[in-house]
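Geometric and topological summary
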Amino acid sequence: MSPWRWLMLILLQIRMPASTTSSSGQKDLIYSSEFVSQSAQHLSFYSWYGNVRLYHFQVPKDTILLRWLLQASRGRGKECHDTEITVHFRYGAPPVINPMGSEFSKNTTVRPPYSITLNLTSNLHNNTFVNVTNPAPGEWFIAAHLPQADQKIAIKGFSSMCAYIFQPDMFLLRVVNAAILEPNSTMRLSITSPIKPMHLKIFIPEYTLQLKISILNCATNSVGVVCPLKLTLGSVTMPQSYQKKMVCTDRTECSVKLDFPPWEAWVPITLESIGDRNVTISLETSASFTECKPAMVRPSTLFTFFQQQNVSLNMTAALGMPQSSPNGTANNSIAFSARILDMDNASLLQPSSSFCMRNLPVIREDLDVVSIRFRTVSGPFVSIPAEFPVVIPLNLDSGMDNGGMLTVSLLLNKTTLPSADARVIGCLSASSPVMRLTASDNCTTAFFQGYPFNLNTSVTESIHGLPFPETGMWYLTIQVFCPKNRSSCQKVKTKVMVSAALDPCTDDCGPYGECRLLRRHGYLYAACSCKAGWSGWSCTDATNAISFLRQVFATLLLTLSNLMFLPAIFVAISRYFFVEASVYIFTMFFSTFYHACDQPGIAVMCIMDYDTLQYCDFLGSVVSIWVTLLCMSRVKDILKYMLFILGTLLIAMSMQLDRRGIWNMMGPCLFAITFLLVVWVYRGVKRQHCYPPNWKRWVFFLLPGVLLALIAVSVYAFLETTKNYFYTHSLWHVMVSGSVAFLLPPREKHKKPLSWSWQADCRYNICQDEREELYVVT
């Protein structure tokens, strides 16, 4: 553990003293400290969301101070350079980031996270603190990444990477015995010091329309000082915070009202003195609620309806499978299901003037991980009145519902609008609904900025796509509104089709993306991995996209460049190197179809599994180099074929262990080159002459072949990037296959050229003299 973490642990273990009961009858608050650490992780340069390191924290209730210690470091090697680490914070869900500045898909609403930058320049370490006072309890997320990755294709094992490490630690200070403020009752308090504020909390029941906090009889023990008090309601969230603050200076009474506070939640209240240390403030505080009662269903109406339909509730009907009746017709339970979806929901409501909303039941259907469908019991079309709003709850509180894309759409049946002036207004909000909708309202609850909908005769559809929605209960509020003539909308009911779903990715990332499910410390979330130059959250940004014609050209270039193996195959067959020719044919075939399947766009053709094609391509490439170098050594056939088989088996094993390891190619090449040089040197020493002895062989074959091979290796190792991959890798194909055609040794002189007559004349006689010469002169 670093010294910084030890220091923070010591500081946070200091507890506020628990004194005796004060004169106001309230006990002093007791504070408790906690420490939470996440394991350090290596950071990668950003190319998509999978390169982000995500950290998940759980902040307990009654926390009044949250402090993050962000520790970043880098290695000391020459490959390490000055850089910066971007850290993003968000409450309730992972932060939605956009480091590359790409466009989001249509109808996607994004609010940028709170971000800071840690610089790693001259210092190898950077320790930064981030403090949050009165943080919201629940899930907090931290995401960290390096700048955008370069286009260089690094070869595994050939180049070393710098180690950039990031680790966040969380320190908490929370109240153990926070006082509970009861509604419709008065609590007397005394605040004696500015550094010791008073922390209260109040529980907000369901269907609360408004919360009112009042300060009464505020006085001090100092002459001329009137109530230097500051009142704070709510918790801090990131990136936006909607705390309500009010200063009651020079007033003995003050109050604050919260419209649409969060339902079924605790709201923290902080009272602090803004005066001198010697000033003691005495006051009384009280709270009151304004309720909004939902419309009730008339049981008698439902009972009568069930009797009229003669519904048979059985397991078959529950599964949606019709039963056959004796006369051959389907059971009327299915007919009941269809009729109850089409009936007007308002006809089942009990008439009353006290309710101010209608709560529409919703069925949540879990399809898969981060995949949910919401269906209203009245069917897709909902009857929207003008006299009160309709509230549709969307439950996203299962623990993993904040890792996908929430899409909510409204489609208006404009023929049901009473006039051109009428419109349908909606609001999607978290924790509590907005139950007063007007044309000028900004769709805001007490502590949340919602997402508005506005439909009329010209705009009949409105969609909001929310990537990574916050955990909790969401509410969709819809109502008909007539801004010019409200009386004309009193008895109007409009049909609106409501659709709500949570998907891992929008449209499955489209044709140029792949939706992937990622995991960090047991937390699951989804992100799109784009290809063919497309970018964006849903792979819809075509700024740097590769056109279809260019995709076809790239596919043809990478595949047809393998036809340069045909000269090497022809040379090998004409010189009786049939095993080598078979390896070249194998390599040409699988390299062609591997690159046809490996394309990033839609010009793709896969004749078999991608992994199989890749393995065969990598294996064939290395084995081709292996057999070519051994063939150049011109050793006895029995030794050559033994090395062929043994080397191929070892190469296949190493490919299975680490397919992209650099030593899969370097190891066989170095061994074969060493073996080749040993054999050639031995022959040269034995003969006291350079081997091969023919200078034309060196000038016209060996030197061009070696030059082509060196160019191919240089292009493969140093010039390949993601942008020029189509050209450089095609050049690699041409250079390697061309070098093979040059480097293959000539046919042995005692072997005749391949001809059909030779094959026909060979009966029971010995057709040729199979001499095994170690020192043959070529």
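Residues numbered from 1 in each chain as written. Predicted model: local features only at pLDDT ≥ 70, side-chain atom pairs only at ≥ 80, totals over all residues. Heavy atoms only, no water.

1. Things to note about the sheet that holds strand S18 (residues 265-273)
The test is simple: Criterion used throughout: strands pair if DSSP finds at least two bridges between them. Runs of E in the DSSP output that reach at least two residues are strands. Runs of H or I that reach at least four are helices, and both are numbered from the N terminus.
The five strands lie next to each other as S11-S13-S18-S15-S16, forming an open sheet whose pairing is mixed. Of all strands in the sheet, those with a lone pairing partner are strand S11 (179-180) and strand S16 (244-247), marking the two edges. Bridge analysis of S11 against strand S13 (residues 198-204) gives two bridges, and the strand direction is parallel. Paired with Ile180 across the strands is Lys201, a residue of S13.

2. A closer look at the state of the cysteines
In plain terms, the rule: Throughout, a disulfide means two cysteine sulfur atoms within 2.5 Å of one another. Exposure classes here rest on a 1.4 Å probe applied to the protein chains alone. A residue is buried below 20% of its type maximum, exposed above 50%, and partly exposed in between.
Under the definition given, this model contains nine disulfides. Here Cys218 engages in a disulfide with Cys227; their sulfurs sit 1.9 Å apart. On the sign convention where negative means left-handed, the S-S torsion of about 90° between Cys218 and Cys227 marks this disulfide as right-handed. The pair Cys218 / Cys227 is uniform in exposure class, with both members buried. At a sulfur-sulfur separation of 2.1 Å, the disulfide partner of Cys505 is Cys515.

3. Points about the pairing of strand S5 (residues 63-74)
Counted residue by residue, S5 has ten buried out of twelve residues, so it is predominantly covered. The sheet contact formed by S5 and strand S10 (residues 164-175) spans eleven bridges and is antiparallel. Within the sheet, the bridge partner assigned to Leu70 lies in S10 and is Pro168. In the sheet, S5 pairs with strand S8 (residues 125-133) via nine bridges, with the strands oriented antiparallel. Pairing of Arg67 across the sheet is with Asn131, part of S8.

4. Examining the sheet that holds strand S25 (residues 390-396)
By definition, the strands of a sheet pair up through backbone hydrogen bonds, in either a parallel or an antiparallel sense. Pairing is mixed across the open sheet formed by six strands, whose spatial order is S20-S21-S25-S30-S27-S28. Of all the strands in the sheet, just strand S20 (293-294) and strand S28 (451-455) have a single pairing partner and so form its edges. Summarising the sheet, strand S21 (residues 355-359) and S25 pair through two bridges and their orientation is parallel. The partner of Asn359 across the bridge, within S25, is Val391.

5. Comments concerning the confidence of the model for the protein
Filter applied, for reference: Confidence of the prediction at every residue is given by pLDDT, a number between 0 and 100. Here, residues are in contact when the closest pair of their heavy atoms is within 4.5 Å.
With 83% of its residues at a pLDDT of 70 or more, the protein has an overall mean of 81. Below a pLDDT of 50 lies the segment residues 6-26, which in the model reaches 30 contacts outside its immediate sequence neighbourhood of four places, other chains included. A low-confidence stretch, residues 299-353 (pLDDT under 50), is modelled with 52 contacts involving residues beyond four sequence positions or located in other chains.

6. Here we look at the pairing of strand S17 (residues 254-259)
Of the two faces of S17, the one lined by Cys254, Val256 and Leu258 is fully buried and the one lined by Ser255, Lys257 and Asp259 carries no buried residue. Of the pairings in the sheet, the one linking strand S14 (residues 208-220) to S17 comprises six bridges and is antiparallel in character. Bridging from a neighbouring strand, Leu211 pairs with Leu258 of S17.

7. Here we look at the pattern of salt bridges
Test applied: Salt bridges, as used here, are contacts in which a Lys or Arg side-chain nitrogen is within 4 Å of a carboxyl oxygen on Asp or Glu.
Applying the stated criterion across every chain yields a total of 13 salt bridges. Two residues, Asp259 and Arg436, come together in a salt bridge whose shortest N-O distance is 3.6 Å. Of this pair, Asp259 sits in strand S17 while Arg436 sits in the loop between strand S27 (423-430) and S28, and the two are 177 residues apart along the sequence. Overall, the relative accessible area of 40% leaves Arg436 in the partly exposed class. A salt bridge links Asp401 to Arg364; the shortest N-O distance between them is 2.9 Å. On the criterion of sequence distance, the pair formed by Asp401 in the loop between S25 and strand S26 (405-412) and Arg364 in strand S22 (residues 362-368) is long-range, its members being 37 residues apart. Taken together, the shared-partner salt bridges in this structure form one network comprising Arg364, Asp366 and Asp401.

8. Some remarks on the environment of Phe355
As for its placement among the helices and strands, Phe355 is situated in strand S21. A residue is classified by how much of its surface remains accessible, and Phe355, at 16% relative accessible area, is buried. Separated by 64 residues in sequence, Phe355 and Glu291 have C-alpha atoms that sit 9.3 Å apart.

9. Comments concerning the nonpolar core
Selection rule: Side-chain atoms within 4.5 Å are what join buried Ala, Val, Leu, Ile, Met, Phe, Trp, Tyr and Cys residues into a set we call a nonpolar core.
In this structure, Tyr584, Trp626, Val627, Met632, Ile651, Trp680 and Leu744 are the most contacted members of the largest nonpolar core, which totals 43 residues. Contributing elements (two or more residues each) for this core: helix H6 (565-574), helix H7 (578-597), helix H8 (610-633), helix H9 (637-657), helix H10 (663-687) and helix H12 (725-743). The biggest single contributor to this core is H8, with 14 residues. Once residues within four sequence positions are removed from consideration, Trp626 is found in contact with Leu643, Phe644, Gly647, Thr648, Ile651, Pro668, Phe671 and Ala672. Among the nonpolar cores identified, the runner-up in size contains 35 residues, and Ile384, Val408, Leu476 and Val498 belong to it.

10. Here's the deal with unusual backbone geometry
Cis rather than trans, the peptide bond between Met238 and Pro239 has omega equal to 10°. Looking at the secondary structure, you find Pro239 in the loop between strand S15 (229-233) and S16. A cis amide bond, omega -5°, links Tyr691 with the succeeding residue Pro692. Among the structural elements, Pro692 can be located in the loop between H10 and helix H11 (695-719). Phi at Phe260 is positive, roughly 55°, even though this residue is not glycine. Within the secondary structure layout, Phe260 lies in the loop between S17 and S18. When its relative accessible area of 4% is taken as the criterion, Phe260 is described as buried. One non-glycine residue, Phe468, lies in the positive phi region at around 55°. Looking at the secondary structure, you find Phe468 in the loop between strand S29 (461-467) and strand S30 (472-481).

11. Observations regarding a nonpolar patch on the surface
Cut-off, in case you're wondering: Patch definition: residues with relative accessible area over 30% and no salt bridge; like charges joined within 9 Å; nonpolar side chains (Val, Leu, Ile, Met, Phe, Trp, Tyr) joined within 5 Å. Computed with the Shrake-Rupley method and a 1.4 Å probe, the accessible areas treat only the protein chains shown as cover for residues.
A cluster of nonpolar side chains, Trp695, Val699, Phe700, Phe701, Leu703 and Phe742, forms an exposed patch at the surface whose accessible area comes to about 590 Å². No other element matches the five residues that H11 contributes to the nonpolar patch. Here Val699 lies in helix H11.

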